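The lines below spell out each chain.
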Amino acid sequence: MDIKKLVRSEVLNLIPYESARKIGGMGDVWLNANESPYYLTFNLSNKKFNRYPEPQSKTILLNYSKYLGHNINSKILITRGADEAIDLLIRTFCIPNKDMIIYFPPTYGMYHISALISGIKNKIINIYKNNNFYVDNFFKQFKNVKLIFICRPNNPTGDIISQESIIYILQNLNNTLLIIDEAYIEFILNESFVLYVKKYINLIILRTMSKAFALAGLRCGFIIADKLIIQFLSKIIAPYPLSTPVIDIVSQSLIKKNVVLMYTRVIEINSNRIWFIYMLRSINYVIKIFDSVANYLLVYFEFSEKIFRYLWDNGIIVRNQKSNYLKNCIRITVGSKLECLKIIMKLKEYNFIK
Ligand SMILES: *Cc1c(COP(=O)(O)O)cnc(C)c1O
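Residues numbered from 1 in each chain as written. Predicted model: local features only at pLDDT ≥ 70, side-chain atom pairs only at ≥ 80, totals over all residues. Heavy atoms only, no water.

A.B. asks: When you look at the overall build of the protein in this model, what are you seeing that I'm missing?
C.D. replies: Broken down by element type, the protein carries twelve helices and 13 strands. Taking the principal axes of the C-alpha coordinates as reference, the protein spans close to 60 × 55 × 55 Å. For the protein, with 354 residues in total, the buried portion stands at 53%. For the protein, restricting intrachain contacts to residue pairs at least 6 apart in sequence, the fraction spanning at least 24 positions comes to 73%. (Helix = DSSP H or I, 4+ residues; strand = E, 2+ residues; numbered from the N terminus. Buried < 20%, exposed > 50% of the residue type's maximum accessible area, 1.4 Å probe, protein only. Contact = heavy atoms within 4.5 Å.)

A.B. asks: Teacher, can you tell me more about the sheet that holds strand E3 (residues 100-103) here?
C.D. replies: Whether parallel or antiparallel, the strands of a sheet pair through hydrogen bonds between backbone atoms. The mixed open sheet is built from seven strands, whose spatial order is E2-E8-E7-E6-E5-E3-E4. Both edges of this open sheet fall to strand E2 (76-79) and strand E4 (121-124), since each of them pairs with a single strand only. Across the sheet, the mean angle separating the axes of adjacent strands is 20° when strand polarity is ignored. In terms of strand pairing, strand E5 (residues 145-151) meets strand E6 (residues 177-181) through five bridges, oriented parallel. Along E6, the bridge assignment pairs Ile148 with Leu178. Helix H4 (residues 58-68) rests against E2, strand E7 (203-208) and strand E8 (221-224) of the sheet, and its axis sits at about 115° to E2. (Pairing = 2+ DSSP bridges. Axes fitted to C-alpha atoms, helices over the stretch in contact; angles between N-to-C directions.)

A.B. asks: Teacher, can you tell me more about helix H11 (residues 304-313) here?
C.D. replies: What sets the pattern is the α-helix's 3.6 residues per turn: residues three or four places apart point alike. Taken as a whole, H11 has its buried residues at Ser304, Ile307, Phe308, Tyr310, Leu311 and Trp312. Immediately downstream of H11, the backbone of Gly315 shows phi near 75°, a positive value.

A.B. asks: Please clarify how the packing of H4 against helix H9 (residues 244-253) should be interpreted in this entry.
C.D. replies: Geometry of a packed helix pair, given as the angle between the helix axes and the separation of the axes. Here H4 crosses H9 at 25°, and the two axes come no closer than 9 Å. Judged on the interaxial angle alone, H9 and H4 are roughly parallel. Handedness of the H4/H9 crossing: left-handed. Residue-level contacts link Thr59, Ile60 and Asn63 of H4 to Ile247, Val250 and Ser251 of H9. Its residues placed into classes, the contact of H4 with H9 shows three nonpolar, three polar and no charged. (Parallel < 35°, antiparallel > 145°, perpendicular 65-115°, else oblique. Left-handed = near helix turned anticlockwise from the far one by under 90°. Nonpolar A, V, L, I, M, F, W, Y, C, P; charged D, E, K, R; others polar.)

A.B. asks: I tried to follow the sheet that holds strand E12 (residues 319-320) on my own but got confused; where do I start?
C.D. replies: Strands sit in the order E9-E10-E13-E12 across an open sheet of four strands; the sheet is antiparallel. Among the strands making up the open sheet, the edge pair consists of strand E9 (286-289) and E12. In terms of strand pairing, strand E10 (residues 296-301) meets strand E13 (residues 329-333) through five bridges, oriented antiparallel. Within the sheet, the bridge partner assigned to Leu297 lies in E13 and is Ile332. The strands touched by H11 are E10, E12 and E13; relative to E13, the strand with the most contacts, the crossing angle is about 35°.

A.B. asks: I'm lost on helix H8 (residues 227-236) in this one. Help?
C.D. replies: Among the residues of H8, Ile229, Ile230 and Leu233 are the ones counted as buried. The buried residues of H8 occupy an angular sector of 95° when projected down its axis, which confines them to one face. In this structure, the buried residues of H8 make contact with E2, helix H5 (81-93), E6, E7 and E8. Residue Asp226 occupies the N-cap position of H8, its side-chain oxygen lying 3.1 Å from the main-chain nitrogen of Leu228. (Arc of directions from axis to C-beta. Polar contact = N/O pair within 3.5 Å; in protein donor to acceptor, adjacent residues only side chain to side chain.)

A.B. asks: Even after reading the chapter, I still don't get the pairing of E4, so can you show me in this structure?
C.D. replies: Two faces, one strand: in a regular strand the side chains alternate between the faces of the sheet. Bridge count for E3 against E4 is four bridges, and the pairing is parallel. Bridging from a neighbouring strand, Tyr103 pairs with Ile124 of E4. Handedness of the crossover joining E3 and E4 through helix H6 (residues 110-117): right-handed. (Right-handed = clockwise from strand over helix to strand, strands pointing away.)

A.B. asks: Just checking my understanding: could you explain the nonpolar core for this structure?
C.D. replies: General note: in soluble globular proteins, nonpolar side chains tend to be found buried as a group. Among the nonpolar cores identified, the biggest contains 83 residues, and Leu178 and Leu280 are the most heavily contacted of them. Among the elements that line this core, the one with the most residues is helix H10 (residues 256-280), at eight residues. With sequence-adjacent residues up to four places away left out, Leu178 is seen in contact with Ile148, Ile150, Ile166, Ile169, Leu170, Leu173, Asn202, Leu203 and Ile204. Core analysis: the second largest hydrophobic core is formed by 29 residues, Leu77, Cys94, Leu147 and Ile230 among them. (Core = buried A, V, L, I, M, F, W, Y, C linked by side-chain atoms within 4.5 Å.)

A.B. asks: Can you help me understand the site of the ligand in this one?
C.D. replies: Lining the immediate environment of the ligand, one finds 13 residues, of which Asp181, Tyr184, Thr208, Ser210 and Lys211 sit closest. Here Asp181 contributes a side-chain N or O atom positioned 2.6 Å from a nitrogen atom of the ligand. For the ligand, an oxygen atom lies 2.6 Å from a polar atom in the side chain of Ser210. In the complex, the protein chains occlude 94% of the 390 Å² of accessible area that the ligand would expose alone. The element that contributes the greatest number of residues to the shell around the ligand is H5, accounting for three residues. The class makeup of the residues in the shell around the ligand is five nonpolar, four polar and four charged. (Near = heavy atom within 4 Å. Areas by Shrake-Rupley, 256 points an atom, 1.4 Å probe, with all protein chains shown as cover.)

A.B. asks: Which parts of the structure should I look at to understand the pattern of salt bridges?
C.D. replies: Two side chains with opposite charge may pair up if their charged atoms get near one another. Taken as a whole, this structure holds 13 salt bridges when the rule is applied. One salt bridge connects Arg8 with Glu10, and the closest N-O pair in it is separated by 3.5 Å. Judged by relative accessible area, which is 42%, Arg8 ranks as partly exposed. Put simply, Glu182, Glu186 and Arg207 are held in one network by salt bridges that share partners. (Salt bridge = Lys/Arg side-chain N within 4 Å of Asp/Glu carboxyl O.)

Shown next as structure tokens:
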């Protein structure tokens, strides 16, 4: 029997997502997955696991909508990370071999990969090179486009598309949904579009507990959207997407005291970023540091492959960029002060031995 003949062609030909953990590496400074260097420890309040968990935890829904600042818990879906959210949206709305999604590279890789797996065509528009929202025929390209993904702040560049651009897109869309991936929104104040969900039924927001909340290991994310959209997504989500311990710990993380701690960590990381940029500027083979509002910096090096290897060999793991748009760039997570210091010292040494 030839298994290759049984498997779907989308899967046969797929180049899978290279998650940071899959790539591996050895060392004590991990700056390749935009994780938080800080953490809290938790005690499980529920220690029996013979029963299935709640499909959608009421406690999490209530606490998360309080955290968002408005009572919109009927418009939230809890998912197994924002990655599951991306997949759910594509499977709910896009017809294989017919519909398209749009995204704006360089950006987060999973929009493309999830679409490929589902047999959805991608349409790629590069607004970073030609900021062309405001030209009339921009929206004419949207025939058969069901979903537009905008990562805001954008991963891996760290920039944030203006609020005016988002509003302009929302007001001009017709039979297309706009998804704003706000995985890093906690790192910048007053930029979230979550409360606009009430006003625009074509707007969908993605959130995660993996980044500012420092819970990447748990796997929990959210979709915030119009009630009807949430109802359709709920039809196809797995029966029990979150395990009992995950529900328990996410609930604890969303109590007021822990939300305050989350913001304390954000302030710390944002100040580390400023220091880190300042120090990177003093390294003569750093050509450009992209402006970033998030917990990572995209850095353009003179010989990025060598730098990547050199850091790797020294136990400092960062993320080199394979995309054609970002040749010679490395994305570095802003870690603790000590981690920032360690990488700067190594880079300065390289400067010296070169
Ligand atoms: C990390 C990340 C995600 C995935 O978040 P999970 O909740 O861990 O699945 C989604 N979007 C962007 C832009 C990310 O950087």
